[in-house]
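# Topology and contacts: notes
Here is what each chain is made of, one letter per residue.
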Amino acid sequence: MQVDTKDPQRLPEATPELLRELAPVYERIAHVMPEAEWAVHAPYVARINELKRERNAVILAHNYQTPDIFYGVADVTGDSLGLAQKAAEVEGDVIVQCGVHFMAESSKILAPEKTVLLPDMDAGCSLAEGITGADVRLLKEKYPGVPVVVYVNTSAEVKAEADICCTSSNAVEVVESLGTDRVIFAPDKYLGQWVANQTRVEVILYEGSCEVHERFTGEEIEAFRRQHPGIHVLAHPECPQDVLQAADYVGSTSGMIRHLDDTQARQVVMITECSMSDNVSVEHPDKDFVRPCNLCPHMQRITLPKILSALENMAPEVHVDASVIEDARQSLDRMLEVRRRPVAA
Ligand code: 13P
Ligand code: SF4
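Residues numbered from 1 in each chain as written. Chains lettered and ligands numbered in written order. Predicted model: local features only at pLDDT ≥ 70, side-chain atom pairs only at ≥ 80, totals over all residues. Heavy atoms only, no water.

### Quick word on the overall build of the chain
The condition that has to hold: A helix here means a DSSP run of H or I that spans at least four residues, while a strand means a run of E at least two residues long, and both kinds are numbered starting from the N terminus. With the radius of gyration taken over C-alpha atoms, the globule rule is written as 2.2 Å times the number of residues to the power 0.38. The buried label goes to any residue with under 20% of its type's maximum accessible area, the exposed label to any with over 50%, and the partly exposed label to all in between, with areas taken from a 1.4 Å probe on protein chains only. Should any heavy atoms of two residues lie within 4.5 Å, those residues are counted as being in contact. Residue exposure ignores everything except the shown protein chains as possible cover, and the areas themselves are Shrake-Rupley values with a 1.4 Å probe. In this tally, Lys and Arg are treated as positive and Asp and Glu as negative; His is ignored, and so are the chain termini. By convention, charge coordinates are those of NZ in Lys, CZ in Arg, CG in Asp, or CD in Glu.
When its secondary structure is counted, the chain shows 17 helices and twelve strands. Scaling as 2.2 N^0.38, a compact globule of 345 residues should have a C-alpha radius of gyration of about 20 Å, and the chain matches this with 20 Å. Taken over the C-alpha atoms alone, the chain extends approximately 65 × 55 × 30 Å along its principal axes. The proportion of buried residues among the 345 residues of the chain is 59%. The contacts of the chain with a sequence gap of at least 6 include a subset with a gap of at least 24, amounting to 62%. Carbon together with sulfur atoms contributes 47% to the accessible area of the chain, which is approximately 14700 Å² in total. The averaged location of the 54 negative side-chain charges in the chain is 2 Å from the averaged location of its 32 positive side-chain charges.

Below is the structure:
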């Protein structure tokens, strides 16, 4: 059956037999998804899993994907660093990237022999869109000889202009791995400032930000603490400095997930995209998650009907320009050689 991405043709609702077959999946996410909603998702989950086998495809899903995708069809889940590492390792002919465009590009750069599908090509990122290769060239002209570190939330063209990439889980190690007194760090000014606060290396910042994380404020954190005494606050380093200063733990999406295993706190709030809390709460039924809801409109573009359509049609496919792929790969490879920092409890 063909599903039009713009107007996805609905699969018929699940039969009782299919619901029984998929009951173990639904049991995990029942506390965040009404039965009526699952009855709509279940036929897609079944068909996508079937097609994955036929196409020898692997689904890589970011931690911000919704629970129907995260628990229903994903083979590998993780943060940007984890997904990039897996893209380079996974078996299979096809990667379906459930995340945003820069993540699919990273997969294609690291696994150029594979077909990389992105179920919605408009799944962008305000950080990636805030900087071009020409902007990096200007920075290099302004600060000759100073190495350029770019966040993975950038286009392949930008990665190709940089010396090395980083993610939110290895940014400090990457900056320090260069052995210089100064680095240029782009595009996220908040992540850059957070790195600067933890190293002696001088960090030259760029004016970029994430439209989802920059909406959080320090006052909001204070309000959470007033309303929920004892609450444990975890924040993503793309948040403004007052938020990070007020948090108990700062780290990447997977860093936050690992940190939850180590904390005894009964009540927690994750200051990040809100699908994360739904996914993470599955593994922590003992914890109460307070859920401020800032959704990433780009991540939310990826849906089960679009994943099905991508596998049916083997499109849309992500390509990376031959003129930048080698240099972009070097920046990613250099990053992957830098050891991931152990997570602080
Ligand atoms: P992570 O690398 O922490 O998963 O972050 C990716 C991202 O886009 C956060 O907004
Ligand atoms: Fe980009 Fe922010 Fe969305 Fe992450 S949450 S993909 S940084 S816009």
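### What to know about the state of the cysteines
We apply this condition: Note on terminology: pairs of cysteine sulfur atoms within 2.5 Å are recorded as disulfides.
All chains considered together, the criterion is met by one disulfide. In this model Cys 274 forms its disulfide with Cys 293; the gap between the sulfur atoms is 2.0 Å. With Cys 274 in the loop between strand S11 (267-271) and helix H15 (275-283) and Cys 293 in the loop between strand S12 (288-290) and helix H16 (304-313), this residue pair connects regions lying 19 residues apart in the sequence. Of the residues examined, Cys 293 reaches a relative accessible area of 52% and is grouped as exposed. Free cysteine Cys 166: the closest other cysteine sulfur is in Cys 165, separated by 7.6 Å. Among the residues examined, Cys 166 registers a relative accessible area of 0% and is labelled buried.

### Examining the pattern of salt bridges
Note the cut-off: Take a side-chain nitrogen of Lys or Arg and a carboxyl oxygen of Asp or Glu: if they are within 4 Å of each other, that pair is a salt bridge.
Scanning all chains against the criterion turns up 17 salt bridges. Of the charged contacts, one joins Arg 28 and Glu 283 as a salt bridge, the two residues approaching to 2.9 Å between their closest N and O atoms. Within this pair, whereas Arg 28 is found in helix H2 (residues 23-29), its partner Glu 283 is found in helix H15, the two being separated by 255 residues in sequence. Accessibility expressed as a relative area gives 39% for Arg 28, which makes it partly exposed. The class of Glu 283 is partly exposed, set by a relative accessible area of 48%. Shared partners join several salt bridges into a network, and the residues in it are Arg 47, Glu 50 and Glu 54.

### Let's talk about the site of ligand 2
This is how the line gets drawn: By convention in these notes, a residue is near a molecule or strand provided one of its non-hydrogen atoms lies within 4 Å of it. Classes in brief: Ala, Val, Leu, Ile, Met, Phe, Trp, Tyr, Cys and Pro nonpolar; Asp, Glu, Lys and Arg charged; the others, Gly included, polar.
The environment of ligand 2 is made up of Tyr 64, Val 100, Cys 125, Ser 126, Leu 127, Asn 153, Cys 210, Val 212, Glu 238, Cys 296, His 298 and Met 299. Classifying every residue of the shell around ligand 2 gives eight nonpolar, three polar and one charged.

### Some details on the site of ligand 1
Condition: Polar contacts, as counted here, are pairs of nitrogen or oxygen atoms within 3.5 Å of one another; within protein the pair requires one atom able to donate a hydrogen and one able to accept it, and residues that are adjacent in sequence qualify only if both atoms are side-chain atoms. Cavities and pockets were defined on a 1 Å grid built from protein atoms only: a cavity is a group of points that admits a 1.4 Å probe but offers it no way out, a pocket is an open group of points flanked by protein on both sides within 12 Å along at least five of seven lines, and a lining residue is one with an atom within 4 Å of any such point. Pocket occupancy is defined atom-wise: a molecule lies in a cavity or pocket when more than half of its atoms are within 2 Å of its grid points.
Around ligand 1, the neighbouring residues are His 62, Tyr 64, Asp 79, Ser 80, Asn 153, Ser 168, His 213, His 236, Glu 238, Ser 252 and Thr 253. With respect to ligand 1, the side chain of Ser 80 contributes an N or O atom lying 2.8 Å from an oxygen atom. In isolation ligand 1 offers 300 Å² of accessible surface; the protein chains occlude 96% of this area. Mapping ligand 1 onto the cavity grids shows that it belongs to the largest cavity.

### Quick look at the sheet that holds strand S5 (residues 148-151)
Heads up, the rule is: Note on pairing: two strands pair once DSSP finds at least 2 bridges between them. Fitted lines through C-alpha atoms give the axes, limited to the stretch in contact for helices. The angle between two N-to-C directions lies from 0 to 180 degrees.
Spatially, the four strands line up as an open sheet ordered S6-S5-S7-S8, and their pairing is parallel. Both edges of this open sheet fall to strand S6 (164-166) and strand S8 (202-204), since each of them pairs with a single strand only. On average, each strand axis in the sheet is tilted by 35° relative to the strand beside it, whichever way the strands run. Bridge count between S5 and strand S7 (residues 182-186): three bridges; the pairing is parallel. Across the sheet, the residue bridging to Val 148 is Ile 184, located in S7.

### Description of the environment of Ser 168
Of note, Ser 168 is situated in the loop between S6 and helix H10 (171-177). Residue class for Ser 168 comes out buried when judged on its relative accessible area of 9%. Linking Ser 168 and Gly 92, residues 76 residues apart in sequence, is a C-alpha distance of 28 Å. Among all residues touching Ser 168, those that are not within four sequence positions of it are Tyr 151, Leu 191, Trp 194, His 236, Pro 237 and Ser 252. A distance of 3.5 Å separates polar atoms of two side chains, one belonging to Ser 168 and the other to His 236.

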